[in-house]
Amino acid sequence: MSSIDRSQSVGGTRTYEVRTYGCQMNVHDSERLSGLLEDAGYVRAPEGADGDADVVVFNTCAVRENADNKLYGNLGHLAPKKASRPGMQIAVGGCLAQKDRDTIVKRAPWVDVVFGTHNIGKLPVLLERARVQEEAQVEIAESLEAFPSTLPTRRESAYAAWVSISVGCNNTCTFCIVPALRGKEKDRRPGDILAEVEALVAEGVSEITLLGQNVNAYGSDIGDREAFSKLLRACGNIDGLERVRFTSPHPRDFTDDVIAAMAETPNVMPQLHMPLQSGSDPVLKAMRRSYRQERYLGIIEKVRAAIPHAAITTDIIVGFPGETEEDFEQTLHVVREARFAQAFTFQYSKRPGTPAAEMEGQIPRAVVQERYERLVALQEEISWEENKKQVGRTLELMVAEGEGRKDGATHRLSGRAPDNRLVHFTKPDQEVRPGDVVTVEITYAAPHHLLAEGAVLDVRRTRAGDAWEKRNTAEQAKPAGVLLGLPKIGVPEPLPAVASGCGCD
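As the structure is a prediction and not an experimental result, all values here were calculated from the model. (Residues numbered from 1 in each chain as written. Predicted model: local features only at pLDDT ≥ 70, side-chain atom pairs only at ≥ 80, totals over all residues. Heavy atoms only, no water.)

Enquirer: Would you mind showing me how to read the overall build of the protein chain here?
Expert: Scanning the protein chain for helices and strands turns up 16 helices and 21 strands. A total of 505 residues make up the protein chain; the buried ones form 59% of that total. Intrachain contacts of the protein chain at a sequence separation of at least 6 include 76% that bridge at least 24 residues. Approximately 20,300 Å² of the protein chain is accessible, and the part contributed by carbon and sulfur atoms is 50%. (Helix = DSSP H or I, 4+ residues; strand = E, 2+ residues; numbered from the N terminus. Buried < 20%, exposed > 50% of the residue type's maximum accessible area, 1.4 Å probe, protein only. Contact = heavy atoms within 4.5 Å. Areas by Shrake-Rupley, 256 points an atom, 1.4 Å probe, with all protein chains shown as cover.)

Enquirer: When you look at the UniProt feature "binding site: [4Fe-4S] cluster 1" (unreviewed entry) in the protein chain in this model, what are you seeing that I'm missing?
Expert: Per the UniProt entry, the sites bearing "binding site: [4Fe-4S] cluster 1" (unreviewed entry) are Cys 23, Cys 61 and Cys 95 in this numbering. In terms of the greatest pairwise C-alpha distance, the residues named above, spread along 73 residues, form a tight cluster of at most 10.6 Å across. You can see Cys 61 is positioned in the loop between strand E3 (55-60) and helix H3 (67-83). Residues in contact with Cys 61, not counting those within four places in the same chain, are Tyr 21, Gly 22, Asn 26, Ala 67, Cys 95 and Leu 96. Considering the arrangement of structural elements, one finds Cys 95 in helix H4 (residues 95-99). Here Cys 95 is in contact with Thr 60, Cys 61, Ala 62, Thr 117, Leu 181 and Arg 182, once residues within four sequence places are set aside. (UniProt positions renumbered as here; feature names shortened; annotations may be inferred.)

Enquirer: Quick question: what am I supposed to make of the sheet that holds strand E13 (residues 311-318) here?
Expert: Backbone hydrogen bonds hold the strands of a sheet together, and the pairing may be parallel or antiparallel. Strand order in the open sheet formed by 3 strands is E12-E13-E14, with parallel pairing between adjacent strands. Among the strands making up the open sheet, the edge pair consists of strand E12 (271-273) and strand E14 (342-347). Ignoring which end each strand starts from, the neighbouring axes of this sheet average 10° apart. (Pairing = 2+ DSSP bridges. Axes fitted to C-alpha atoms, helices over the stretch in contact; angles between N-to-C directions.)

Enquirer: Would you mind going over the pattern of salt bridges with me for this structure?
Expert: If the charged atoms of two oppositely charged side chains come close together, the side chains can form a pair. For the structure shown, the criterion picks out 31 salt bridges. The partner of Glu 325 in a salt bridge is Arg 371, with the nearest N and O atoms 3.6 Å apart. Of the two residues, Glu 325 sits in helix H13 (residues 325-338) while Arg 371 sits in helix H14 (residues 365-388), which places them 46 residues apart along the sequence. Using a relative accessible area of 34% as the deciding quantity, one classes Glu 325 as partly exposed. Judged by relative accessible area, which is 7%, Arg 371 ranks as buried. Glu 386 is the salt-bridge partner of Lys 389, the closest N and O atoms lying 2.9 Å from each other. Taking the relative accessible area as the measure of exposure, Glu 386 reaches 11% and is therefore buried. Here the residues in one salt-bridge network are Glu 323, Glu 325, Glu 329, Glu 370, Arg 371 and Arg 374, joined through shared partners. (Salt bridge = Lys/Arg side-chain N within 4 Å of Asp/Glu carboxyl O.)

Enquirer: Honestly, the packing of aromatic side chains in this entry has me stumped. Any pointers?
Expert: Any two aromatic rings considered together are summarised by their centre-to-centre distance and by the angle between their planes. Under the criterion given, the structure shown has 4 aromatic pairs. An angle of 85° between the planes, with centres 5.1 Å apart, marks the rings of Phe 228 and Phe 246 as edge-to-face. With Phe 228 in helix H9 (residues 227-235) and Phe 246 in strand E11 (residues 243-247), the pair connects residues that are 18 residues apart, well separated along the chain. Residue Phe 228 is classed as buried on the basis of its relative accessible area, which comes to 1%. Since its relative accessible area comes to 5%, Phe 246 is described here as buried. (Phe/Tyr/Trp six-rings, centres within 6.5 Å; stacked < 30°, edge-to-face > 60°.)

Enquirer: I would appreciate a short explanation of the side chain of Gln 293 in the present structure.
Expert: Turning to its location among the elements, Gln 293 is positioned in helix H12 (residues 293-306). You can call Gln 293 buried: its relative accessible area is 14%. When neighbours within four sequence positions are excluded, Gln 293 is seen to be in contact with Gly 279, Asp 281, Leu 284, Gln 330, His 333 and Val 334.

Enquirer: What exactly am I supposed to notice about the pairing of strand E15 (residues 394-399) here?
Expert: Note on strand geometry: in a regular strand, side chains alternate between the two faces of the sheet. By the bridge criterion, 5 bridges tie E15 to strand E18 (residues 437-441) in an arrangement that is antiparallel. In the strand pairing of E18, Leu 395 is matched with Val 440. Pairing analysis gives 2 bridges linking E15 to strand E16 (residues 412-416), with the strands arranged antiparallel. Bridge assignment links Val 399 to a residue of E16, and that residue is Gly 415.

Enquirer: How do you make sense of the packing of H13 against H14 when you look at a structure like this?
Expert: At a closest axis distance of 10 Å, the pairing of H13 and H14 adopts a crossing angle of 10°. In terms of orientation, H13 lies roughly parallel with respect to H14. From H13, Glu 325, Phe 328, Glu 329, Leu 332, Val 335 and Arg 336 reach across to H14, where they touch Arg 371, Arg 374, Leu 375, Leu 378, Gln 379 and Ile 382. A class-by-class count of the residues in the contact of H13 with H14 yields 6 nonpolar, 1 polar and 5 charged. (Parallel < 35°, antiparallel > 145°, perpendicular 65-115°, else oblique. Nonpolar A, V, L, I, M, F, W, Y, C, P; charged D, E, K, R; others polar.)

Next up, the structure:
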């Protein structure tokens, strides 16, 4: 079958594929893009289509040093396919499109549509306009046209969902370009957020993740400093909502009322992703982070006092310009003191358009690599020690879909504990579906996962499992799979697992 035949094989309907790079916000935006395209009559291309769809959409990230090279490499791979297939279209959106609006079509003239972070809702219109006018359409809005949550959505999970509470960021971290591309923070009305959560729960969703570039700054746009803690407590009053998570907070805005709300709201999970970036006060100042080591460790101490079993994860950048060996030792000190369950560590790389890229004192790559390896080794040791403390505990797991790569070979299933740790467990005799809840006893710990090798103690079939079964059955005859080009993160997957990809938190 030719590539043209494949693209037209789904009932004669035009097919689409979305490729996503970057942070959780981009993943959620891709759910919106998929919803918009399906609302316009497109259907998803079969899994593994690899550019054989009628429309291929790149939802890009701009924060990595080689983000543009990766994009243009992928676009180059599609050029001959597009040349051989009349009617095929390629669209580029997201942060890199917002940043490089004037160069994408020049470097890749076979691209049909370029759109930004503020006008994703225009994609179907721009595709049609490009088709009719037979020329590229470049439309980049400078400010948000409509809050993304008002757009149609094709969610990637039947049992867990992202819920965006704000867009944009008011911080000015010197290593991050996201505020320039996403704009100033704009908060969504609490009533609209809760209405979306309630609608999702009515559809069978049992876990939601509140999402924002700086999620606990929520309320600054509406003049209520306690708005985020109130929102957490309000989620606790929604019947059927079993798990509430959020990402990512900023130490500057993390207040005692949020800690109290986490501790006192039963369905807010005992998990916190709190970006550190550096343990050195001089480096934090150079990064333009508005806290210092003492403040950060004070937050961790308060959280552990209020929620003893909380799993705390973080982001750390190694080799920021001007970082000395003494600065790096301060980062190692914080890691030892905080005892993170997991840390997402990054070697600093220049990000075009950021102040840090022009700073003096850029660290040689070999020095950055050596420090990075020492940090990873220390965190691996701590992660393993912290996971060993879970052995013997009885935990309730929400069964996950596709998180255990070796589950088929080991005859296991996988799930997430309340604190978001990944657990592989023995497959029970009775049917267990993603979204169902099982009770297990932890028997073994590795640095990045736990095992429950004994028999499952209890299986609770849930409305979320029902929703997954209904959706899975309905889609058996349909093509499946928006091809997300980023590390697998559950659905909406363990929040830290795509570390706060933009590194702006």
